[in-house]
Amino acid sequence: MKRKQYGSVTNVTQMLADRPYWDIESVLRNRLRTAPQFVDNIELEVELKGHNGCVNCLEWSDTGSILASASDDFHVMLWDPFRHKRLYDLVTTHEGNIFSVKFLPKRGYSLLATGAGDCKTFVFDVNRQNDYPIRKCTCHMQRVKRLETSPRSMQLYWSASEDGTVLQHDLRQQHNCDGRDANVLIDLKNYIFGIPEIKCIAINPQRPELMAIGTNDIYVRLYDRRMITLSKLAGYEINQGSAVTEDNIPKDGCVKYFSPGHLGSMEKALVYNQKAVTYVTFSPDGTELLANMGSDHIYLYDINSTRHPLFLQLPKLPAPAPNGSTMNGSVDDCATGKSGGEKMKHKFPPDVELLKKEGNANLEKNQFLQAIHKYTLAIRKANSQDCAILYLNRATALMKRNWYGDVYAAIRDCHTALALDPHYVKAHFRLARALLKMGQLQESLLCLEELIRRFPSYAKNPGVLMLDKDIGIEMDKVRHRPTDNGTANEVESNSEKEKHWRSLAVDYEDRYVGHCNTKTDIKEANYFGDSNYIVAGSDDGNFFVWDRKSGIIHSIYHADELIVNCVQPHPHICLLATSGIDHEVRLWSPQSPEKALSSVRRIKPIATVVLENQTRMQSDPFDSIAPDQAICRTS
């Protein structure tokens with residue numbers, strides 16, 4: 001298939017730079033600001049057709065005047081997103097699905113880097129009017145999943161591969177792929193004694209020395225590149241008869257690990273065959289990391305945080321509670337799952353009280369997603385220290401819903417409730433029950449014993465006695481359970497440094513629930529609307545929009561017949577590009593309120609869609625894949 005010509009212009013860079021975008025863009029920027037009212041009216045604007053395979057990656061130019069797409073058909077296409085025109089069709093020499101395309105910064109958009117399933121990375125100059133790469137690298141031994149660039153390091157780009165390495169490419173130096181160049185920045189095989197695969201990579205936009213990678217485990221790793229010495233490929237060193245160097249093994253203070261607390265705590269007991277970080281990106285201000293985890297949810301981390309997993313840390317009682325009473329309900333209410341029965345009702349503002357009552361009604365009807373949303377909105381509106389009951393009600397709904405990570409989220413809410421009200425007996429009880437449900441048996445027993453010590457009048461309470469019995473039953477099961485050291489031995493076989501870094505992993509700040517990420521390992525999650533929203537694709541053919549601060553789903557849109565992998569917001573305006581298993585690239589932008597209201601793309605029954613996704617996420621990820629999807633399944 002030959003490259004197609006568009007018009008009589010031969011200098012593509014000049015063509016792209018000279019186009020009269022700016023008058024159009026100034027109008028669009030005024031009309032399509034990333035304000036909530038515009039996000040409310042997002043609708044499909046156009047489908048860009050041309051590819052003959054799954055579109056695995058999308059990339060905006062710095063100005064947003066060009067959109068690049070790459071596909072299983074080995075083509076890279078450049079698009080005018082405002083005139084909906086294809087500007088250039090680059091037929092690459094790749095022999096495997098293209099998983100990443102990047103504009104090399106400050107190059108007039110004429111240089112493009114690609115990485116693919118054939119283990120190769122190429123750089124193309126579209127001004128040369130031929131499809132032969134001006135630079136290529138075949139050093140990787142497995143599929144190249146992501147490339148990354150930095151506008152502050154214009155001569156460099158990085159490639160991340162499933163061989164467990166990150167290579168640094170310097171355009172100022174020639175490269176021969178003979179193993180003599182010191183171009184290995186990270187090699188996980190030096191300290192992870194399994195089969196580490198790197199799935200994604202990101203450079204901090206404000207601090208380009210910071211690099212984050214996601215792998216086929218539960219950790220996001222954040223490196224300071226200034227503290228790593230480039231090394232040669234390990235295979236070359238061995239062939240030369242010398243020991244593999246440890247120059248690029250991170251030193252103390254060089255790397256920081258991030259992981260959801262509940263997953264890290266159970267690492268030795270569970271096998272995470274399907275867990276992988278499929279995408280990681282920094283917030284525009286460089287202070288946060290957003291990670292999309294396969295067979296799980298989306299997690300937001302504060303890179304400056306020291307938050308570590310918290311299971312049991314009861315606050316000190318400032319003063320004894322009279323007669324063991326509590327203003328926030330009895331243990332019996334908690335044991336039966338009821339949210340009412342307060343001995344002294346809180347007096348919230350009317351709007352908060354209404355949300356609380358609606359949440360309670362949803363909880364009684366087992367509408368857990370709706371209940372959690374109502375309690376979350378009530379907490380945000382209350383904005384005071386007198387809302388421990390709202391946190392505990394939300395913890396109750398989370399435990400009853402019991403999706404991945406819900407019990408741990410409930411434990412965190414219990415701790416918040418206790419921090420606000422240390423005399424809250426119901427929160428002590430709920431925390432002990434949540435710890436039991438999560439398998440933290442010793443902590444659950446300690447929590448229950450402390451409850452009885454602090455509030456002796458509850459020692460014979462039926463709910464307390466029942467919980468004590470349940471803990472004993474589970475402890476007996478553990479004592480009589482056959483020992484299986486398979487997973488534990490695998491974890492223990494890692495280097496001492498790796499075990500140390502994992503033990504210090506920082507917990508998440510927020511999480512975003514609702515989508516399904518099991519069938520592909522290239523599914524993205526990004527900030528949208530000046531970081532006010534989070535967007536991500538899903539295995540159900542939809543993409544989701546969450547409110548970043550509350551974690552509540554704002555909207556869901558149908559964007560692919562099968563799977564949405566790529567969701568890339570425009571860098572400056574309210575415009576979104578999506579792609580997936582379909583061969584089309586779709587652009588989404590604010591439309592008239594009338595058109596948005598009559599949308600056939602916006603999904604209305606959010607709770608139904610989310611429930612189906614959570615059910616799907618806990619089943620075999622390949623059960624529903626048709627044979628003709630095999631090529632995309634391997635992505």
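Residues numbered from 1 in each chain as written. Predicted model: local features only at pLDDT ≥ 70, side-chain atom pairs only at ≥ 80, totals over all residues. Heavy atoms only, no water.

Caption draft 1: Geometry of the packing of aromatic side chains. Summed over all chains, the structure comprises 13 aromatic pairs. The rings of Tyr191, Tyr219, Tyr257 and Trp501 are connected pair by pair, giving a single aromatic cluster. Sitting above the plane of the Phe99 ring, Lys145 keeps its charged end 4.9 Å from the centroid. (Phe/Tyr/Trp six-rings, centres within 6.5 Å; stacked < 30°, edge-to-face > 60°. Lys NZ or Arg CZ within 6 Å of the ring centre and 35° of its normal.)

Caption draft 2: Here's a closer look at the pattern of salt bridges. Applying the stated criterion across every chain, the model contains 43 salt bridges. Of the charged contacts in the structure, one is a salt bridge between Arg172 and Asp170, with a shortest N-O distance of 2.9 Å. With a closest N to O distance of 3.1 Å, Asp187 and Lys189 form a salt bridge. Judged by its relative accessible area of 6%, Asp187 falls in the buried class. (Salt bridge = Lys/Arg side-chain N within 4 Å of Asp/Glu carboxyl O. Buried < 20%, exposed > 50% of the residue type's maximum accessible area, 1.4 Å probe, protein only.)

Caption draft 3: Fine view of the sheet that holds strand E4 (residues 75-80). Here four strands make up an open sheet; going across it, the order is E2-E3-E4-E5 and the pairing antiparallel. The open sheet terminates on both sides in strands that have one partner only, identified here as strand E2 (55-60) and strand E5 (85-91). This sheet shows a mean twist of 20 degrees between the axes of neighbouring strands, independent of strand direction. (Pairing = 2+ DSSP bridges. Helix = DSSP H or I, 4+ residues; strand = E, 2+ residues; numbered from the N terminus. Axes fitted to C-alpha atoms, helices over the stretch in contact; angles between N-to-C directions.)

Caption draft 4: Here's a closer look at the sheet that holds strand E14 (residues 198-203). Across the sheet, which stays open at both edges, the four strands sit in the order E14-E15-E16-E17 with antiparallel pairing between neighbours. Edge positions in the sheet fall to E14 and strand E17 (255-258), since each has one partner strand and no second. Strand-to-strand twist of the sheet, defined as the mean angle between neighbouring strand axes without regard to direction, takes the value 20 degrees. Of the strand pairs in this sheet, strand E15 (residues 210-215) and strand E16 (residues 220-224) are connected by five bridges, and their pairing is antiparallel. Of the residues in E16, the one forming a bridge with Gly214 is Val220. Across the sheet, helix H15 (residues 496-503) touches E16 and E17, and the angle it forms with E17 is around 55 degrees. (Contact = heavy atoms within 4.5 Å.)

Caption draft 5: Region of the structure containing helix H12 (residues 441-454). Here H12 spans 20 Å end to end across 14 residues, near enough to the 20 Å set by a 1.5 Å rise per residue. If you check which residues of H12 are buried, you get Leu441, Ser444, Leu445, Cys447, Leu448, Glu450, Leu451 and Arg454. The elements touched by buried residues of H12 are helix H11 (425-437) and helix H13 (462-479). (Expected span 1.5 Å × (residues − 1).)

Caption draft 6: Representation of H15 in the model. Those residues of H15 that fall on the buried side of the exposure criterion are Glu498, Trp501 and Arg502. For H15, the angular spread of the buried residues around the axis is 100 degrees, confining them to a single face. The exposed set on the far side of H15, more than 90 degrees from its buried face, consists of Glu496 and Ser503. (Arc of directions from axis to C-beta.)

Caption draft 7: View of the nonpolar core. The biggest cluster of nonpolar side chains holds 95 residues, and the ones touching the most others in it are Val166 and Ile186. At nine residues, helix H9 (residues 388-401) tops the list of elements feeding residues into this core. Apart from residues lying up to four places away in sequence, Val166 is in contact with Trp158, Ser159, Ala160, Asn183, Val184, Leu185, Ile186, Ile198, Ile201, Met211 and Ile213. If you look at the next biggest cluster of nonpolar residues, it comprises 18 residues, including Leu290, Tyr512, Ala525 and Phe544. (Core = buried A, V, L, I, M, F, W, Y, C linked by side-chain atoms within 4.5 Å.)

Caption draft 8: Spotlight on the environment of Ile411. Along the chain, Ile411 turns up in helix H10 (residues 406-420). What makes Ile411 buried here is its relative accessible area of 0%. Ignoring any residue separated from it by four or fewer positions in sequence, one finds Ile411 in contact with Leu310, Phe311, Leu431, Ala434, Leu435 and Met438.

Caption draft 9: Just unusual backbone geometry, in detail. In this model, Cys119 sits at a positive phi of 75 degrees, which is unusual for a non-glycine residue. The buried category is assigned to Cys119, whose relative accessible area is 18%. Although it is not a glycine, Cys177 adopts a positive phi angle of roughly 55 degrees. Structurally, Cys177 can be placed in the loop between strand E12 (165-170) and strand E13 (184-187). You can call Cys177 partly exposed: its relative accessible area is 26%.

Caption draft 10: Spotlight on the pairing of E2. The element E2 is extensively covered by neighbouring structure, given that six of its six residues are classed as buried. Counting the residues between successive antiparallel strands, the hairpin from E2 to strand E3 (residues 67-71) contains six residues, one of them, Gly64, with a positive phi of roughly 80 degrees.

Caption draft 11: Just the environment of Arg180, in detail. With respect to the helices and strands, Arg180 occurs in the loop between E12 and E13. Its relative accessible area of 52% is what places Arg180 among the exposed residues. For Arg180 and Ser231, which are 51 residues apart along the polypeptide, the C-alpha to C-alpha distance reads 9.5 Å.

Caption draft 12: Structural view of the layout of surface pockets. Quantified by volume, the largest pocket comes out at close to 1300 Å³. Those elements giving two or more residues to the lining of the largest pocket turn out to be E2, strand E6 (98-103), strand E10 (144-149), E14, strand E18 (277-282), strand E22 (525-528) and strand E26 (564-569). For the lining of the largest pocket, the class distribution of residues is 23 nonpolar, 15 polar and seven charged. (1 Å grid on protein atoms, 1.4 Å probe; cavity = no way out; pocket = protein on both sides within 12 Å on 5 of 7 lines; lining within 4 Å. Points joined across faces, edges and corners; volume = space filled by probe spheres on them. Nonpolar A, V, L, I, M, F, W, Y, C, P; charged D, E, K, R; others polar.)

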